[in-house]
Amino acid sequence: MSELFKGEFSRRQILTTAGLGAISAAALGSMNEEVAAQQPTGQATPHGGSLPPQIKFAPISEKTEVDTGGPPTALPPERRLGFAIVGLGRLALEEIMPAFAECKLAKPTALVSGDAAKANQVAQQYGIKPQNVYNYQNYDNLRNNSDVDVIYIVLPNSMHREYTVRGAKAGKHILCEKPMATTVEDCQQMIDACKQSDRKLMIAYRCQYEPHHRAMIQMIRSKELGTLKVIQADNGQNQGGDLNQWRLKRALAGGGSLPDVGIYCLNATRYLTGEEPIAISAQTFSTPGDPRFKEVEESVTFQLRFPSGVLGICSTSYGFHEGRRFRVFGSDAWGQLDPAFSYNGLRMMISRKSPTNSMAENISEVRIGEKNQFALEMDHIADCVIQNKQPHTPGEEGLQDQKLITLIYEAAQTGKTISLPRVSSGLDATRGPAPRMLH
Ligand code: NAD
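This write-up is about the structure you can find in this document.

The rules we used
Residues numbered from 1 in each chain as written. Predicted model: local features only at pLDDT ≥ 70, side-chain atom pairs only at ≥ 80, totals over all residues. Heavy atoms only, no water. Buried < 20%, exposed > 50% of the residue type's maximum accessible area, 1.4 Å probe, protein only. Helix = DSSP H or I, 4+ residues; strand = E, 2+ residues; numbered from the N terminus. Pairing = 2+ DSSP bridges. Phe/Tyr/Trp six-rings, centres within 6.5 Å; stacked < 30°, edge-to-face > 60°. Lys NZ or Arg CZ within 6 Å of the ring centre and 35° of its normal. Contact = heavy atoms within 4.5 Å. Axes fitted to C-alpha atoms, helices over the stretch in contact; angles between N-to-C directions. Near = heavy atom within 4 Å. Polar contact = N/O pair within 3.5 Å; in protein donor to acceptor, adjacent residues only side chain to side chain. Areas by Shrake-Rupley, 256 points an atom, 1.4 Å probe, with all protein chains shown as cover. 1 Å grid on protein atoms, 1.4 Å probe; cavity = no way out; pocket = protein on both sides within 12 Å on 5 of 7 lines; lining within 4 Å. Sits in = over half its atoms within 2 Å of the grid points. Parallel < 35°, antiparallel > 145°, perpendicular 65-115°, else oblique. Nonpolar A, V, L, I, M, F, W, Y, C, P; charged D, E, K, R; others polar. Left-handed = near helix turned anticlockwise from the far one by under 90°. Salt bridge = Lys/Arg side-chain N within 4 Å of Asp/Glu carboxyl O. Points joined across faces, edges and corners; volume = space filled by probe spheres on them. Domains from an automatic or database assignment. Core = buried A, V, L, I, M, F, W, Y, C linked by side-chain atoms within 4.5 Å.

1. Some thoughts on the pairing of strand β14 (residues 348–353)
- Counting buried positions over the six residues of β14 gives five, a clear majority of the element.
- As defined by bridge partners, β14 adjoins strand β15 (residues 361–368) across six bridges and the pair is classed as antiparallel. By the bridge assignment, M348 is partnered in β15 with V366.

Put into structure tokens, the structure is as follows:
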């Protein structure tokens, strides 16, 4: 296992490997000890305390059985980092607020909304003090609120820049939803504002914290699938209903399916390989006369070439029925996640020649325990604040996707393949250290 990924998985997370060598037994065997060594037991935090030691139980099954990993440790609520959630739309209320129940280091302490009645109702539901409910005008007063350490921005895409800059100026760390913004210039301003205020900036690329994705990265990087050749990724949904929704307005969304859901495919090709593309070609199509696509595109396909020779083939659409998957093709095996980009229910399959029957192909499922992706990402930025570390998906990661999105549109418009200079700084050039598993 590469140094980068040591300690990421407990055996509890990998429930069953029906496959043959999908994740090597040696790797599985060593994971638990590595995780134990990395448990943040006894570390001092700026909140004046240390995490309680993990409670241990004597083993009740043989080494052949999947380990439970033991009970998680968590900071006591009064010492966790306080989060202000900005924008109480679907993602905030359906996913993020409930996810705090799974957090070990983070807790909700403030809300920012244009709808006071809704915000007060949500505040009551989650035990948030009434005086910690803000609106978009008095948002900057968060500066005076010591209950809040991190601001999580869950607004329409074009609003991310303003609320990141104002939040950083208010002295708070920022977790911002993807896509980071709608222009490269806005992304850069967000990075600059957080640097000037000496605050962390993390883009909420939840998949990069999710155990199936981390396992796939680990398999690719350790060459368990042989030499990686091609990545095929698709993410789309049939977007409809309210024609006035911000996702169909260019000024608010920055584009159509590409920045909203296609970004998952783009980002996956980058974190699976650790590389940055050196060539891009693309096509877009919107059904003529479809009122949904007056301002934003319906479908995009794009192809990427990476310095190692890996090719990425991606599709995204607001017109096809929900599909959220990728398959990585290596010289010795293929691996897939289908679904890959959903909030839950992820499934990993590996296909390789049977080691015991030369006439047989083994297609097997690797079952990994499910984790709440939003809790993982919120705890990651809390951990980075506590440890004073760079987030794994900092502003530079979002900026790079935004640059590439701009080039994908350009490639589609011109019909030309765009060449890019090689990034010289090795793998994961836009990422901070790999996240440690706190769950
Ligand atoms: P939503 O429309 O459900 O919520 C947006 C919120 O912003 C609403 O509360 C709305 O009232 C508020 N708002 C403030 N000013 C607004 C304006 N001028 N126009 C429209 N709304 C305004 O959207 P959502 O699905 O919650 O998405 C919010 C952000 O989260 C987006 O950046 C989106 O890309 C991102 N997102 C990420 C994921 C993920 O899996 N990480 C999933 C969904 C959405």
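2. A look at the packing of aromatic side chains
- All chains considered together, the criterion is met by six aromatic pairs.
- Ring centres 6.1 Å apart and planes at 50° place the aromatic pair F326 and F341 in the tilted group. Residue F326 is located in strand β12 (residues 323–330), and its partner F341 is located in the loop between β13 (333–337) and β14; the two are separated by 15 residues in the primary sequence. Summarising the burial analysis for this pair, F326 and F341 share the class buried.
- Each ring, one from Y343 and one from F374, has its centre 5.4 Å from the other, and the planes form 65°; the classification is edge-to-face. Placement of the pair is Y343 in the loop between β13 and β14 and F374 in helix α9 (residues 373–387), with a sequence separation of 31 residues.
- On the basis of relative accessible area, F374 is assigned to the buried category, the value being 2%.
- Each residue in the set Y136, Y139 and Y163 is aromatic and connected to the rest through ring pairs, giving one cluster.
- Sitting above the plane of the W334 ring, R327 keeps its charged end 3.6 Å from the centroid.

3. Observations concerning the sheet that holds strand β7 (residues 201–203)
- The parallel open sheet is built from six strands, whose spatial order is β4-β3-β2-β5-β6-β7. Each end of this open sheet is capped by a strand with a single partner; those strands are β4 (133–134) and β7.
- Across the sheet, helix α4 (residues 160–169) lies against β2 (81–86), β5 (150–153), β6 (173–176) and β7, angled at about 165° from β6, the strand it touches most.

4. Digging into the site of the ligand
- As a structural note, the neighbourhood of the ligand is formed by 22 residues, with R90, N157, K178, R206 and W246 the closest of them.
- R247 places a side-chain nitrogen or oxygen 3.0 Å from an oxygen atom of the ligand.
- Against a free-state accessible area of 830 Å², the protein chains account for coverage of 79% of the ligand.
- Among the detected pockets, the ligand sits in the largest pocket.

5. Comments concerning the packing of helix α6 (residues 211–221) against helix α8 (residues 257–273)
- Closest axis-to-axis distance for the α6/α8 pair is 8 Å, and the angle between their directions is 50°. As judged from the angle between their axes, α6 and α8 are oblique. Seen from α6, the contacting residues are H213, M216, I217, I220 and R221; seen from α8, they are Y271, L272 and T273.
- Class assignment of the residues belonging to the contact of α6 with α8 gives a composition of five nonpolar, two polar and one charged.

6. Quick notes on the packing of helix α2 (residues 90–99) against helix α3 (residues 116–126)
- In the contact formed by α2 and α3, the axes pass within 12 Å of each other and the chain directions differ by 30°. Here α3 runs roughly parallel to α2, going by the angle between their axes. Note that α2 runs across α3; the crossing there is right-handed. Touching L93, M97 and P98 of α2 are K118, V122 and Y126, all from α3.
- For the contact of α2 with α3, a count of residues per class yields five nonpolar, no polar and one charged.

7. A closer look at the pattern of salt bridges
- Applying the stated rule across the entire model yields 18 salt bridges.
- Linking R270 and D401 is a salt bridge whose minimum nitrogen-to-oxygen distance equals 2.8 Å. Taken as a pair, R270 in helix α8 and D401 in helix α10 (residues 395–414) lie far apart in primary sequence, 131 residues in all. For the pair shown, R270 and D401 are each scored as buried.
- Between D383 and R436 there is a salt bridge whose closest N-O contact spans 2.8 Å. With D383 in helix α9 and R436 in the segment after β16 (418–419), this pair connects stretches of sequence that are 53 residues apart.
- Given the relative accessible area of 4%, D383 is considered buried.

8. Details of the side chain of S342
- Assignment of secondary structure puts S342 in the loop between β13 and β14.
- Excluding its chain neighbours within four sequence positions, the residues that come into contact with S342 are R206, R324 and Q373.

9. Considering the layout of surface pockets
- The calculated volume of the largest pocket comes to roughly 1,100 Å³.
- In terms of lining residues, the largest pocket is bounded by 38 residues, among which R90, L91, W246, R247 and Y343 are the most central.
- If you list the elements that add at least two residues to the lining of the largest pocket, you get α2 and α8.
- In terms of residues, the lining of the largest pocket owes the most to one element, α2, which gives five residues.
- Tallied by class, the residues present in the lining of the largest pocket amount to 13 nonpolar, 13 polar and 12 charged.
- The residue makeup of the lining of the largest pocket includes at least three contributed by each of domain 1 (77–206 + 378–386) and domain 2 (207–371 + 394–419).

10. Quick look at the pairing of β12
- Residues R324, F326, V328 and G330 of β12 are buried on one face, while the alternating residues G323, R325, R327 and F329, pointing to the opposite face, are not.
- Taken together, the eight bridges between strand β8 (residues 228–236) and β12 define a ladder with antiparallel strand orientation. Looking at β12, one finds that A233 is bridged to F326.
- Sheet analysis places β12 next to β13, joined by four bridges and oriented antiparallel. Paired with R327 across the strands is Q336, a residue of β13.

11. Observations regarding the nonpolar core
- With 70 residues, the main nonpolar core has L272, F302 and F326 as its most contacted residues.
- Taken domain by domain, this core gets at least three of its residues from each of domain 1 (77–206 + 378–386) and domain 2 (207–371 + 394–419).
- Residues contacting L272, with those up to four places away along its chain left out, are M216, I217, I220, R221, I231, F326 and V328.
- Counting 37 residues, the second largest nonpolar core, distinct from the first, contains I96, L105, F374 and A382.

Note that all results are geometric; they support no functional claim without further evidence.
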